[in-house]
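Coordinate analysis (summary)
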Amino acid sequence: MNYYNLKDKEEIVNFRTASIKSQGKQKGLFFPDSVPQFDPEFIENLHLYSNEEIAFRCMKDFIGEEIPEEILKEIVAETINFAIPLKKINENISVLELFHGPTLAFKDVGARFMSRCLSYFLKDEDKKVTVLVATSGDTGGAVAHGFYNVPGIHVVILYPKNRVSAVQEKQLTALGGNISALEVDGNFDDCQHLVKQAFSDENINSELFLTSANSINIARWLPQQIYYLLALKQWKQHENLEPVISVPSGNFGNICAGLLAHFRGLPADHFIAACNENDVVPDYLKTQFYQPKKAVATLSNAMDVGDPSNFTRILELFGQQFESLKEMISGYSIDDDTTLQTIKEVHEKHGYILEPHGAVAFASLEQYLNENPGKKGFILGTAHPVKFPEAVEKAGNIKIGIPAALEDLMKKEKKTVEIHTDFEELKRFLLNKNQEQ
């Protein structure tokens with residue numbers, strides 16, 4: 001399997017190079033040169049396979065011979081060594097809980113897979129690697145945990161000041177060691193722009209061995225297909241209908257992975273891009289006009305993205321055909337008031353606690369099912385409610401117990417460096433940090 005640059009299709013690399021480089025010339029994202037199909041018998045009989053075997057079969061075609069099969073089996077087993085249950089909320093809507101990993105967020109899957117792939121690829125390298133990542137919330141914690149104390153790797157995380165929750169901030173700032181957190185006086189799009197500038201800066205790249213752990217990196221993006229398969233395995237035990245899948249969407253890597261799995265043969269009736277008030281893609285689906293906007297702050301902060309990087313991959317997947325894309329994806333924009341009302345109503349009616357991102361997905365799916373009676377579906381529960389206690393408690397008299405591991409974390413000191421949105425500040429930090437090592 002090779003990967004081509006979406007902005008320069010003459011640039012073709014293998015999985016190892018794409019994972020290490022993260023993006024190609026002109027800041028282009030890499031995309032697989034073919035879409036390997038699932039064996040229909042495999043999809044039909046998912047219940048006969050272990051989760052580890054499903055994960056291995058999902059990923060092996062994308063890796064080829066660049067990682068030996070036995071090593072890849074170890075990597076995927078470690079990637080998903082926690083529960084990923086599909087639970088019913090009501091008769092028509094279920095939730096795939098992706099928050100039972102070490103940082104209580106869906107990004108544990110991609111971060112764990114990527115960190116282990118990079119460790120394998122870089123084990124014989126003399127040069128220290130810098131993993132540079134922007135986060136709107138959960139990516140930072142998942143990446144920090146995934147790479148913490150990995151020899152030969154230094155992680156630099158950029159996050160928007162005052163726009164992540166207290167738990168999210170502690171998860172990405174309290175570890176220290178080989179993890180550096182930069183608190184940016186701006187929004188997520190500013191952080192992402194700084195990261196992209198760094199990757200295109202010749203001076204930085206001549207001094208540093210730089211890679212990214214954002215979902216722009218194929219090693220972060222591709223393994224997210226796994227949990228769609230694990231969801232289907234559980235779904236088919238109770239339902240005959242193909243599911244409508246509602247995905248909380250910010251940078252669009254998660255829903256893009258689900259769509260890729262669907263193109264490979266994963267049954268799905270429809271996909272919903274569930275967005276907050278950052279509605280660039282819902283607007284595009286109405287108008288066929290893509291217009292990036294300045295991100296606005298919402299309760300579902302991990303989706304506060306005004307120019308989602310991975311949407312270009314979705315367009316490529318659909319061959320730039322708008323009508324085909326619109327037939328398979330619906331976009332909804334849910335405001336904060338509706339988010340809070342959804343948390344309150346779901347808790348009162350069904351005894352289930354949603355956090356803001358899950359509430360956006362639930363409200364979107366509920367609207368779609370009301371407009372399309374007779375269908376059923378599930379949402380992706382991307383984070384544990386404990387990460388957003390203020391919003392959950394504001395929605396109603398809902399108290400969330402703090403897990404013991406988080407109690408210890410919350411007592412730790414926040415270690416950050418504050419920077420502005422000036423690229424020269426980031427450049428100085430990276431080059432000075434490299435000289436210190």
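Note that the structure is a prediction, hence the values are computed from the model and not measured.

**A look at the packing of helix H11 (residues 225–235) against helix H12 (residues 253–263)**
Direction vectors running N to C along H11 and H12 enclose 60 degrees, while the axes themselves pass 8 Å from each other. By the angle class used here, H11 and H12 are oblique. For the pair H11 and H12, the crossing hand works out as right-handed. The segment H11 lies against H12, with Gln225, Tyr227 and Tyr228 engaging Asn254, Ile255, Ala257, Gly258, Leu260 and Ala261. Counted by class, the contact of H11 with H12 contains 6 nonpolar, 3 polar and no charged residues.

**Some thoughts on H11**
Among the 11 residues in H11, 10 count as buried, and that is most of the element. Of all the positions in H11, only Gln225, Ile226, Tyr227, Tyr228, Leu229, Leu230, Ala231, Leu232, Lys233 and Trp235 are classed as buried.

**Focus: the UniProt feature "domain: Threonine synthase N-terminal" (unreviewed entry) in the protein**
According to UniProt, the positions carrying the feature "domain: Threonine synthase N-terminal" (unreviewed entry) are residues 3–79. Secondary structure content for residues 3–79 is 47% helix and 17% strand, while the C-alpha to C-alpha distance between its ends is 23 Å.

**With respect to the UniProt feature "domain: Tryptophan synthase beta chain-like PALP" (unreviewed entry) in the protein**
Mapped onto the present numbering, the UniProt feature "domain: Tryptophan synthase beta chain-like PALP" (unreviewed entry) falls at residues 92–371. In residues 92–371, helix accounts for 47% and strand for 16%; the two terminal C-alpha atoms are 13 Å from one another.

**A closer look at helix H6 (residues 138–147)**
For H6, the buried fraction is high: 9 of the 10 residues fall into the buried class. Taken residue by residue, H6 has Asp138, Thr139, Gly140, Gly141, Ala142, Val143, Ala144, Gly146 and Phe147 as its buried positions. Of the surrounding elements, those touching the buried residues of H6 are helix H5 (107–121), strand E6 (129–134), strand E7 (153–160), helix H7 (166–173), strand E8 (179–184) and helix H10 (218–221). Taken from the residues just after H6, Asn149 is the one with a positive phi, measuring 65 degrees.

**A short note on the pattern of salt bridges**
Summed over the entire model, instances satisfying the criterion amount to 20 salt bridges. Of the charged contacts in the structure, one is a salt bridge between Lys376 and Glu91, with a shortest N-O distance of 3.6 Å. Taken as a pair, Lys376 in the loop between helix H17 (356–371) and strand E13 (377–381) and Glu91 in the loop between strand E4 (86–88) and strand E5 (93–97) lie far apart in primary sequence, 285 residues in all. For Lys376, a relative accessible area of 16% corresponds to the buried category. Connected through shared salt-bridge partners, Lys88, Glu91, Glu239 and Lys376 make up one network.

**Concerning the packing of aromatic side chains**
Applying the stated criterion to the full structure yields 16 aromatic pairs. An angle of 80 degrees between the planes, with centres 5.3 Å apart, marks the rings of Tyr284 and Phe311 as edge-to-face. One end of the pair, Tyr284, is in helix H13 (residues 280–287); the other, Phe311, is in helix H14 (residues 311–317), with 27 residues separating them in the sequence. The pair Tyr284 / Phe311 is uniform in exposure class, with both members buried. Positioned over the ring face of Tyr120 is Lys123, at 3.8 Å from the centre of the ring.

What counts and how
Residues numbered from 1 in each chain as written. Predicted model: local features only at pLDDT ≥ 70, side-chain atom pairs only at ≥ 80, totals over all residues. Heavy atoms only, no water. Axes fitted to C-alpha atoms, helices over the stretch in contact; angles between N-to-C directions. Helix = DSSP H or I, 4+ residues; strand = E, 2+ residues; numbered from the N terminus. Parallel < 35°, antiparallel > 145°, perpendicular 65-115°, else oblique. Left-handed = near helix turned anticlockwise from the far one by under 90°. Contact = heavy atoms within 4.5 Å. Nonpolar A, V, L, I, M, F, W, Y, C, P; charged D, E, K, R; others polar. Buried < 20%, exposed > 50% of the residue type's maximum accessible area, 1.4 Å probe, protein only. UniProt positions renumbered as here; feature names shortened; annotations may be inferred. Salt bridge = Lys/Arg side-chain N within 4 Å of Asp/Glu carboxyl O. Phe/Tyr/Trp six-rings, centres within 6.5 Å; stacked < 30°, edge-to-face > 60°. Lys NZ or Arg CZ within 6 Å of the ring centre and 35° of its normal.

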